[in-house]
Structures are given as structure tokens and as C-alpha cells.
Amino acid sequence: MQQTFFFQALVYLAAAVVMVPIAKKLGLGSVLGYLIAGIIIGPVCFKFIGSEGQDILHFAEFGVVMMLFVIGLELEPSRLLRMRRSILGMGSLQLFITATIVAAIAMAVGVEWKQSLVLGMILSLSSTAIVLQSLNEKGLMKTPAGQNAFAVLLFQDIAVIPMLALFPLLEGSGGNTQVVSSHATATLVSGLPGWAQTLIVLASVGGIIVTGRYLVRPLFRLIARTGMREMFTATALLLVVGIAVLMTGVGLSPALGTFLAGVVLANSEYRHELESDIDPFKGLLLGLFFIAVGASIDFHLIMSKPLVILGLVVGIMLVKMTVLAVLGRFFRLRNDQNSIFSFSLSQVGEFAFVLFSFTSQSNILSKEITDVMVAVVAISMALTPLAMLLNEKLVMPRLCVREIEADRESDVQDDDSPVIIAGQGSFGLVVSRFLRAHNIEATVLDLDSDNVDWLRRMGFKVYYGDASRHDILEIAGAAKAKLIIIAIGNEEKRLEMIETIKKHFPNLRMLVRATNRFDAYNLMNAGMMHIYRQTFDTSLRVGIDALRMLGFRGHEVTRSAKTFFMHDERTLKHLAAIRNEEEYLSVARENIQELERILQADLASRGLYVDEGWDEESQIAAAKERV
């Protein structure tokens, strides 16, 4: 038995370690890597996983519970209250409209109305695990698309509870009441009157809130005093597992309970420690869940009914995507955000596995239907990372940019300013303020309409327009201007803009912002001579101030910084031409050592050592004595 357990652990870990880095390297994301790993080690390929894959799938769903706890820790109650419009409004509308459309289509093809309603409700759900993991991985959780996707998913998780209560009422005439009864006994409150069940459920939720607010903090304070990190981790796991068991016992979603506990602890001083302790377990269990989903795809069933199953997958995803896009538009999501929102939630969720199993046991849906639907759910989940990649690589660059521009026409006016600034973020704003202080009013172009409106209210001459388009630049006076400062944040957009200016305005001098050293290499290879690394000058200034605080003479360290700057600028041009990684590392190390020798020699020759008479404390003391 032990050998079987260790062998299974070896298979899962090896599959993840091999496939996830490959998927990440190919730009497919970790979720798709896990899913592919599951397919490879599953029944269809190497057959390392058999029927036990379904048991592992249910066990690994605990990763979703942990994920919602961590998300709850990042959401303060006041912020959750501000999201009520998205949770109740967008979430309820998405569920109702999608369920209605799917049920209507099912009835139109001859499915009985009760079964159609059940199918509509189950298929309206989306995958919390895949969507949130994918959005987190791409850094989109803080965007409007990410926040609204989370709100819809949270409402769906809550909606699972009334679905489980409603489904027995839709049981077929030949229902297996014995099975339903046995299922019902799984909860501690089954068999009690309705009012008693309601009171126990409310008491459980209230108990989580009170415990999280008044009892958990003293407990963690006590554990923290022991200085034993493993005990803190064990206590964090005990909290999550205990809430999950309680919620399951009273017939509620464990994910909902742990999310609520996380929200209650969001303002706790132990929030970050809890998150760091839970996060590794959450990541491993989610990875295990995704592998189990990949392994559970029944390819034999798919091959026996390929057109039916693939048609259902495409049809369901298109219906959900359309509903989500309309809702996103109604709730005034910007088109690029609406595209992310619609594509990310287009699959069917992991709760569908549980609900289809329940409906099959309850004789609500036939085994033939549930087998097909389970395959459809698994495939739709597996296709989600690909759908999001398709949106990112093809849809957004071609459609969303044009739609965003259509939302607001460019308002650029003909101008005689000698300077044009493309992009008025923090970098461009400092430049434009400095120029204006010297009576140079630059023409500023920006593609963020909110930023344009805000800066105009501050008195800046800012226009909405895409500075990479030659017609916009022409209207802005690029033919007459002396120079353009390219301060936009997108690296690809900067290179595109450089090519446009070189082609249409060859006499316009370009001063270009670089995000980092490697971005500067690309700009140099594009022919740029005036490149400004946004962190380089600031870092040197920090170094100067640090040395001055340590007692070095101010004018000497400033001169030393200039030497450092000039040497680094020279080596930058040399390193930009090197493509081989080993050669680059070798030359970079030599340059670093050479610069250190130059500065240390200069230090020795000029006596640039710490002079206690120049330290800050001595200067303050001397000034006080003079007073």
C-alpha cells in the first residue's frame, strides 16, 4: 500500500515538474500545463491513473477552498461591500440569463423541462479554480475584468447551495428516493425541520464571524509566542479544515465558509503570515486538482460521439461568452476588460462534477446525459487557458484597440509646440512639468481617457490619441516639432512608434524612455541614441544619498556617480550587440570588475574615504554649537 501511495505521488509530482515549466515556456500558462500532465498520465496515454482519478479530483477540490480563504484575506469587508453591485447584480443576471437560454435550447431539442432547467443551472456555473488561477498568473486580478469575474464566481459559489436544495424537487417520477435519502444524511442538519436547519446554518455563519473576529487573533498571538513556525502553519490549516468540515456538516459550501473567514481576518495583523503559510498547500492542491481534471476526460466517450460533444462544448462556451459580453457592456466595462471578462468565464465549473453526480444518483438526469455532460465540462475547463491565450494574442490586439478608439475619437489639435510627449504617466508627467517650468508647453498625447481628463483639470495641455499612428502625430505637429519624448509604458508600442516616426518624420529627434537595461538594448538596436532608463538615474541618486549619510563628502560621491554613469552608458552600447548568453555574462562580469577598479582607484587617489567631520550628526552638532 505504501509503495502504491509513493508511486502515485511520484507520478503526479513528476508530471507537474516536467509539463508545467514546458507550458510556461511556451506561453500556455501553468493551468494548461497541469491539464496536459493529467491527460498524459491518465487512462488515455500512459494509464498511470485509473478510476481513482475521480477520488483524487474530489480530494483536490480542497485546493479551491484554500484559494478562496487566501482571496478572502485580501478583501477587506468594506471593499466587499463596495462590490455588492457586481456580486448581486452582475452575478445574478449572469446565472439567470445563462440558465434560461441553455434550458430553452435544451427544451427545443426535446429534453424534458425539468431536466432542461437542471442543465441550465449547472452549465451556467464557471470554474473558480481555473479562472482565478489564470487571472492571478497573468496579473489581472486587480483589473476591472478580474474584480468582476471574481464577483460573478462568488455569486455562483453561493448559488450552488439553493441548487442542491432545489434539485430534489425536480426529481423524475421514477426517482430513487433511497439514494436521495442516503445523500441527505451526509449533513448534520438533515431530518430536522426547515426552521431548525435555517437557524443552525445562520448560527454557523455567525459563529465563523465571531470566532474570526474575537477568538482567532488571541489564538494566533499565543501560537506566535512559541516561536515555532510549524505550529503556526498547523493552526492555519486547522482553521481552514475546521471551517470546511463545519460548512459541509450543515449543508453549506466549504469554499463559501472559508472565504467568509478570510474576509473576517483581512484586517488581522496575522494576515500576511496566514497567506504565506496556506499558499504552498493551496498551490499544490490546485495543481493536483487540474491534473485530476485532465485525467478525468473520457476520450473513449469523446471518440464515440465527437461531433455531439465538441458541438456542445463550443455551443455552451459561445452562449456563455455572449451573455457575459452583453452584461459587461451593460455594466460599462471597457472593451478590453470586457473581452478578458467574457473569455475567462466561458467554461463550465468544477462544481458541475458534484452536481451532475448528485443529479445522476437522484435520477434527475440519466447516466447517458451525465456522462456526456461530464466530458463537456472537463473539455471546456481544459480549453479555458487556450481561450484566454487566444483572446490575449488575437482578439485584444485586433478588436479591442479599435473598439477603444471608437469609444472616444481622438481630440488632438494642430499645435506649434517644439516638443511632443507620448504618454503622460509618472515618467512623462515629471518631464512635462519640468519643461513647463522653463516656459516650454509640450503637446502631450495619451491613450488613457481618464488620465487625459484628470490632467486637463490640473491645467495640462493633454490630448487623447494613439501616438503610434502617424496621422495623429501629424495633427499634433510632429512635422514642425523639434523633438518627441516617448514615455509610453508598453515596450512593443514604443518600438512600433519609433518605426512610424523614422518613416514619416525622419527629422524629429527622439528621446526614449526605457523600462530597464534589456529594454534599452532593444531600443539601441532600433537605432535610438537618447535612451533614459527610468530606474537607473534614481538608483544612482539613492546611492549618493546613502554614501553621504555614511559620512562621504557630497561633491566627491556626486563626481563618482558621474563616473559610474558614463562608464555604464559606454558598456551598455557594447553589451547591446551581444546575443550569446554566455558571452554576455562574461563581458558583463569584466565590465563590473573594471568599473569597481576605476572607482576604488579614484577613491584612493582623491582620499574619498569616510570623513567623520562630514557625517550628518556632526554637521548638526556643529551648527547647534555655532548658535
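Check the entry above for the structure.
Rules of the game
- Residues numbered from 1 in each chain as written.
- Predicted model: local features only at pLDDT ≥ 70, side-chain atom pairs only at ≥ 80, totals over all residues.
- Heavy atoms only, no water.
- Helix = DSSP H or I, 4+ residues; strand = E, 2+ residues; numbered from the N terminus.
- Buried < 20%, exposed > 50% of the residue type's maximum accessible area, 1.4 Å probe, protein only.
- Contact = heavy atoms within 4.5 Å.
- Areas by Shrake-Rupley, 256 points an atom, 1.4 Å probe, with all protein chains shown as cover.
- Core = buried A, V, L, I, M, F, W, Y, C linked by side-chain atoms within 4.5 Å.
- Pairing = 2+ DSSP bridges.
- Right-handed = clockwise from strand over helix to strand, strands pointing away.
- Patch = residues over 30% accessible without salt bridge, like charges linked within 9 Å, V, L, I, M, F, W, Y side chains within 5 Å.
- Salt bridge = Lys/Arg side-chain N within 4 Å of Asp/Glu carboxyl O.
- Axes fitted to C-alpha atoms, helices over the stretch in contact; angles between N-to-C directions.
- Parallel < 35°, antiparallel > 145°, perpendicular 65-115°, else oblique.
- Left-handed = near helix turned anticlockwise from the far one by under 90°.
- Nonpolar A, V, L, I, M, F, W, Y, C, P; charged D, E, K, R; others polar.

For this particular structure, what's the right way to read the overall build of the protein chain?
Along the protein chain, the regular secondary structure elements total 28 helices and six strands. Burial statistics for the protein chain: of 627 residues in total, 46% are counted as buried. Across the protein chain, contacts joining residues at least 24 apart in sequence account for 74% of those joining residues at least 6 apart. Just so you have it, the protein chain exposes about 32,000 Å², and 63% of that area is on carbon and sulfur atoms.

Sorry, what's going on with helix α8 (residues 128–137) here?
Because each turn of an α-helix spans 3.6 residues, side chains separated by three or four positions in sequence point in the same direction. When you tally the buried positions in α8, you get eight out of 10 residues, the bulk of the element. Looking one or two residues beyond α8, the residue adopting positive phi is Gly139, at roughly 70 degrees.

Please clarify how the nonpolar core should be interpreted in this entry.
In a soluble, globular protein the nonpolar side chains are often hidden away together inside. By size, the foremost hydrophobic cluster in this structure holds 128 residues, and its most contacted members are Phe150, Phe167, Phe259, Phe290, Ile309, Phe341 and Phe356. Among all residues touching Phe167, those that are not within four sequence positions of it are Val118, Met121, Ile122, Leu355, Phe358, Thr359 and Ile364. Of all hydrophobic cores here, the second largest spans 34 residues; its members include Leu445, Ala467, Met528 and Leu575.

Quick question: what am I supposed to make of unusual backbone geometry here?
Backbone geometry follows two general trends: most residues other than glycine have a negative phi, and most peptide bonds adopt the trans configuration. Although it is not a glycine, Arg332 adopts a positive phi angle of roughly 65 degrees. Looking at the secondary structure, you find Arg332 in the loop between α16 (306–330) and α17 (335–344).

Please clarify how the pairing of strand β5 (residues 509–514) should be interpreted in this entry.
In the case of a regular strand, side chains alternate between the two sheet surfaces. Here strand β4 (residues 483–486) pairs with β5 via four bridges, running parallel. Bridge pairing in β5 links Leu483 to Arg509. Handedness of the crossover joining β4 and β5 through helix α23 (residues 491–504) is recorded here as right-handed.

Looking at this model, I keep getting lost on the side chain of Asp277. Mind explaining?
Among the structural elements, Asp277 can be located in helix α14 (residues 271–296). Classification of Asp277 by relative accessible area gives buried; the value is 3%. Excluding residues that lie within four positions of it along the chain, Asp277 makes contacts with Arg229, Phe232 and Thr233.

Help me out: how do you make sense of a nonpolar patch on the surface in this one?
Among the surface-exposed residues, Phe7, Leu10, Phe46 and Phe48 lie close enough to one another that they form a single nonpolar patch of about 420 Å² accessible area. Within the fold, Phe48 resides in the loop between α2 (30–41) and α3 (52–60).

Please clarify how the packing of helix α4 (residues 62–73) against helix α12 (residues 229–249) should be interpreted in this entry.
The packing of two helices is summarised by the inter-axis angle and the distance between the axes. Axis separation between α4 and α12 bottoms out at 11 Å; the angle between their running directions is 115 degrees. Relative to α12, the element α4 lies roughly perpendicular. Crossing angle aside, the handedness with which α4 passes α12 is right-handed. Residue-level inspection shows Phe62, Val65, Met66 and Phe69 of α4 in contact with α12, the latter providing Leu237, Leu239, Val240, Val241 and Ala244. A breakdown of the residues in the contact of α4 with α12 according to their chemical character gives nine nonpolar, no polar and no charged.

Would you mind going over the pattern of salt bridges with me for this structure?
Proximity of charged atoms lets side chains of opposite charge pair with each other. Applying the stated criterion to the full structure yields three salt bridges. The closest approach of N and O atoms between Lys305 and Glu368, which form a salt bridge, is 3.5 Å. Of this pair, Lys305 sits in the loop between α15 (299–304) and α16 while Glu368 is found in helix α19 (residues 367–407), placing the two residues 63 residues apart along the sequence. Using a relative accessible area of 55% as the deciding quantity, one classes Glu368 as exposed. Put simply, Asp371 and Lys367 hold a salt bridge, and the shortest N to O gap is 2.9 Å. Residue Asp371 and its partner Lys367 are located together in helix α19, separated by four residues, close to a single helical turn. Classification of Lys367 by relative accessible area gives exposed; the value is 57%.

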